[in-house]
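Coordinate inspection notes
Letter by letter, the chains look like this.
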Amino acid sequence: MLTDQALIDIAGIIGESGTCSRLQVGAVLTRERRIISTGYNGAASGMDHCAHDPDPEGIPLFQTTCEISVHAEANVIAFAARNGVKTFGSVLYTTHSPCVTCARLLINAGVREVIYEHEYRDNKGLVELRQAGIRFGEVDGPLMRPVSPPRGDGESVHTSELAESGTPGEDSAGPFSDYRGGSGL
């Protein structure tokens, strides 16, 4: 059985194929710890690769924005869709946490959990995942508790429904408490 670290390592190897010179990101989509799709960042199929020149003001390339590259998370979902692979209930392993746009794509694709190695330069994507009830966390860290726990049917309970039911939105450990509960993935 593949471990979390092994799947992150595979995502890193996939990311080495990325054609964006700014940052190489890899993603592996799994079900029951078996790989069902892979993706890396780069220009759309058949398009010219992006090339980034060093910033004259000395800003590191990874802190700049690329307007050409399709993100690894989008490519992993697109590859699955193109091949008729169901993504609902899957787990994503990625070298970097998703941006807000990719987080929304993962939510709509039915991904239930996101494990990453490095945090993206802003955490808006993680905030979006949390609000949607998607578990996430760094490969060696705890999974984070969503604002609302996932329902059995894959849908999230909205915060307003939690308030109506009298269930608190957060436990005493705070908003980012361990969601794994010791059971692992």
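Figured I'd write up the structure that's included with this text. (Residues numbered from 1 in each chain as written. Predicted model: local features only at pLDDT ≥ 70, side-chain atom pairs only at ≥ 80, totals over all residues. Heavy atoms only, no water.)

**A look at the overall build of the chain**
Looking only at helices and strands, the chain has 5 helices and 5 strands in total. Listing the helices and strands of the chain from first to last along the sequence gives α-β-β-α-β-α-β-α-β-α. Taking all 185 residues of the chain together, 42% fall into the buried category. Within the chain, contacts between residues separated by at least 24 positions form 55% of all contacts whose residues are at least 6 apart in sequence. (Helix = DSSP H or I, 4+ residues; strand = E, 2+ residues; numbered from the N terminus. Buried < 20%, exposed > 50% of the residue type's maximum accessible area, 1.4 Å probe, protein only. Contact = heavy atoms within 4.5 Å.)

**A few points about helix α1 (residues 4-15)**
Across its 12 residues, α1 extends 16 Å between first and last C-alpha, which sits within 8% of the 16 Å expected from 1.5 Å per residue. By the burial criterion, the buried members of α1 are Asp-4, Leu-7, Ile-8, Ala-11, Ile-14 and Gly-15. Relative to the axis of α1, the buried residues are bounded by an arc of 115 degrees and lie together on one face. (Expected span 1.5 Å × (residues − 1). Arc of directions from axis to C-beta.)

**Focus on the nonpolar core**
The biggest cluster of nonpolar side chains holds 20 residues, and the ones touching the most others in it are Leu-29, Ile-77, Leu-92, Val-111, Val-114 and Leu-129. Secondary-structure elements contributing two or more residues to this core are β1 (26-31), α2 (72-82), α3 (100-109), β4 (113-118) and α4 (124-132). Residue contacts for Ile-77: discarding those within four places in its chain leaves Leu-29, Thr-87, Leu-105, Leu-106, Ala-109 and Val-111. (Core = buried A, V, L, I, M, F, W, Y, C linked by side-chain atoms within 4.5 Å.)

**Focus: the sheet that holds β4**
The strand order β2-β1-β3-β4-β5 describes an open sheet built from 5 strands, whose pairing is mixed. The outermost strands of the open sheet, each flanked by one partner alone, are β2 (34-40) and β5 (135-138). In this sheet, neighbouring strand axes are inclined to one another by 20 degrees on average, regardless of whether the strands run parallel or antiparallel. With 6 bridges joining them, β1 and β2 adopt antiparallel strand pairing. Directly across from Ala-27, in β2, lies its bridge partner Gly-39. Strand contacts of α2: β1, β2 and β3 (91-96), with the helix running at about 125 degrees to β2, the strand carrying the most contacts. (Pairing = 2+ DSSP bridges. Axes fitted to C-alpha atoms, helices over the stretch in contact; angles between N-to-C directions.)

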